[in-house]
Amino acid sequence: DVVLTQTPPTLSATIGQSVSISCRSSQSLLHSNGNTYLHWLLQRPGQSPQLLIYLVSRLESGVPNRFSGSGSGTDFTLKISGVEAEDLGVYYCVQGTHAPWTFGGGTKLELK
Amino acid sequence: EVQLVESGGGLVQPGRSLKLSCAASGFTFSNYYMAWVRQAPKKGLEWVATISTSGSRTYYPDSVKGRFTISRDNAKSSLYLQMNSLKSEDTATYYCARCTIAASFAYWGQGTLVTVSS
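Notes on the structure follow.

**Re the overall build of chain A**
Within chain A, the regular secondary structure consists of zero helices and 11 strands. If you list the helices and strands of chain A from N to C, you get β-β-β-β-β-β-β-β-β-β-β. Taken over the C-alpha trace, chain A has a radius of gyration of 13 Å; the compact-globule value for 112 residues is 13 Å, and the two agree within 12%. The principal-axis extents of the C-alpha atoms in chain A amount to approximately 40 × 25 × 25 Å. The 112 residues of chain A split such that 47% are buried.

Laid out in structure tokens, this is it:
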């Protein structure tokens, strides 16, 4: 199975600070069809997860453009340009290139 | 507005069965792959099952293959998860999710808690 390793496990930030979360895969996530099925989710406290970024860098509808995704192959990054209070929670990367689909362990973003 | 509402969770003894349901509304259900994702208490997310638009194709990880069955009724806009031979490690909140692209879970329900314990 593909293992997704997220770092750091916990991230402390102040409002307005820019932060990055890394997601490293044990195998390349480039599919034979040319797509890279790596996505990012946010789970706010007490809520269901929500999709932020799909296919590495595409912003889901309604998601603020302070969120951005980048990367290729085995290394991916989620960046938040100017953290806001509503961004607190646990961020997960997930891959759909290889069966079974797998999630990263999560990165908890908290206020410093 | 897209809505996914899970039901059917509860306390069940190890080895027993339970069937979860997910009622969908606000979109053309039959046009989308659907999935179940679970989250053990205070833990991360785990993909459980996916079903194609017609229901003819289903996919599972090894952890539930042979014990869980995903199904759908497009006429009723409903998704199901039949869980047999339940184990304590199946204890989790089970979410119904709509898939657009592989593992791209764009919409989630509020979840239903399944507790497997004697």
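**Topic: the overall build of chain B**
Per the secondary structure count, chain B includes zero helices and 11 strands. Secondary structure elements of chain B, listed N to C terminal, follow the sequence β-β-β-β-β-β-β-β-β-β-β. Here chain B has a C-alpha radius of gyration of 13 Å; the compact-globule value for 118 residues is 13 Å, and the two agree. Taking the principal axes of the C-alpha coordinates as reference, chain B spans close to 40 × 25 × 25 Å. When burial is assessed residue by residue, chain B has 47% of its 118 residues classed as buried. Contacts in chain B between residues far apart in sequence, at least 24 positions, make up 53% of those at least 6 positions apart.

**Some details on the interface of chain A and chain B**
On the side of chain B, 20 residues touch chain A, which itself brings 18 residues to the contact. Of the roughly 1,500 Å² buried between chain A and chain B, counting both surfaces, carbon and sulfur atoms make up 71%. Broken down residue by residue, the surface that chain A buries against chain B is led by P49(A), W101(A) and F103(A), which jointly contribute 41%. Taken together, the connections running from chain A to chain B amount to zero salt bridges. At the junction of chain A and chain B, the tally comes to five residue pairs in polar contact (both at pLDDT 80 or more). Residue composition of the side of chain A that touches chain B, by class: 11 nonpolar, six polar and one charged.

**Notes on the nonpolar core**
Looking at soluble globular proteins, one finds that nonpolar side chains tend to be buried together. Counting 27 residues, the largest nonpolar core has W36(B), L79(B), L81(B), M83(B) and Y94(B) as its most contacted members. If we skip the residues at most four places from it in the chain, L81(B) touches L18(B), K19(B), L20(B), W36(B), V48(B), A49(B), F68(B), T69(B), I70(B) and Y94(B). If you look at the next biggest cluster of nonpolar residues, it comprises 24 residues, including I21(A), I53(A), L88(A) and L109(A).

**A word on the sheet that holds strand β8 (residues 78-83) of chain B**
Residue and element names in this part refer to chain B. Taken in spatial order, the four strands line up as β1-β3-β8-β7 in an open sheet, and their pairing is antiparallel. Strand pairing shows two members of the sheet lacking a second neighbour, β1 (3-7) and β7 (68-73), which therefore form its edges. The mean angle between the axes of side-by-side strands here comes to 15°, regardless of whether they run parallel or antiparallel. Sheet topology places β1 next to strand β3 (residues 18-25); five bridges connect them, and they run antiparallel. Looking at β3, one finds that L4 is bridged to A24.

**Here's the deal with the state of the cysteines**
Residue and element names in this part refer to chain A. This structure, assessed with the given rule, holds two disulfides over all chains. In this model C23 forms its disulfide with C93; the gap between the sulfur atoms is 2.1 Å. Handedness of the C23-C93 disulfide follows from its S-S torsion of about 80°: it is right-handed. Of this pair, C23 sits in strand β3 (residues 19-25) while C93 sits in strand β9 (residues 89-95), and the two are 70 residues apart along the sequence. Here C23 falls in the buried class, since its relative accessible area comes to 0%. Looking at C93, the relative accessible area reads 0%, which means it is buried.

**Considerations on the pattern of salt bridges**
Residues and elements named next belong to chain A. Going through the model one piece at a time under the given rule, you end up with eight salt bridges over all chains. Salt-bridge contacts for R24 lead to D75; the nearest nitrogen and oxygen are separated by 2.5 Å. Of this pair, R24 sits in strand β3 while D75 sits in strand β8 (residues 75-80), and the two are 51 residues apart along the sequence. Its salt-bridge partner being E84, residue R66 comes within 3.5 Å of it at the nearest N-O pair. Residue R66 is found in the loop between β6 (58-59) and β7 (67-72), and its partner E84 is found in the loop between β8 and β9; the two are separated by 18 residues along the sequence.

So, how was this worked out
Residues numbered from 1 in each chain as written. Chains lettered and ligands numbered in written order. Predicted model: local features only at pLDDT ≥ 70, side-chain atom pairs only at ≥ 80, totals over all residues. Heavy atoms only, no water. Helix = DSSP H or I, 4+ residues; strand = E, 2+ residues; numbered from the N terminus. Rg over C-alpha atoms; globule rule 2.2 N^0.38 Å. Buried < 20%, exposed > 50% of the residue type's maximum accessible area, 1.4 Å probe, protein only. Contact = heavy atoms within 4.5 Å. Buried area = accessible area lost by both parts, 1.4 Å probe. Salt bridge = Lys/Arg side-chain N within 4 Å of Asp/Glu carboxyl O. Polar contact = N/O pair within 3.5 Å; in protein donor to acceptor, adjacent residues only side chain to side chain. Nonpolar A, V, L, I, M, F, W, Y, C, P; charged D, E, K, R; others polar. Core = buried A, V, L, I, M, F, W, Y, C linked by side-chain atoms within 4.5 Å. Pairing = 2+ DSSP bridges. Axes fitted to C-alpha atoms, helices over the stretch in contact; angles between N-to-C directions. Disulfide = S-S within 2.5 Å.

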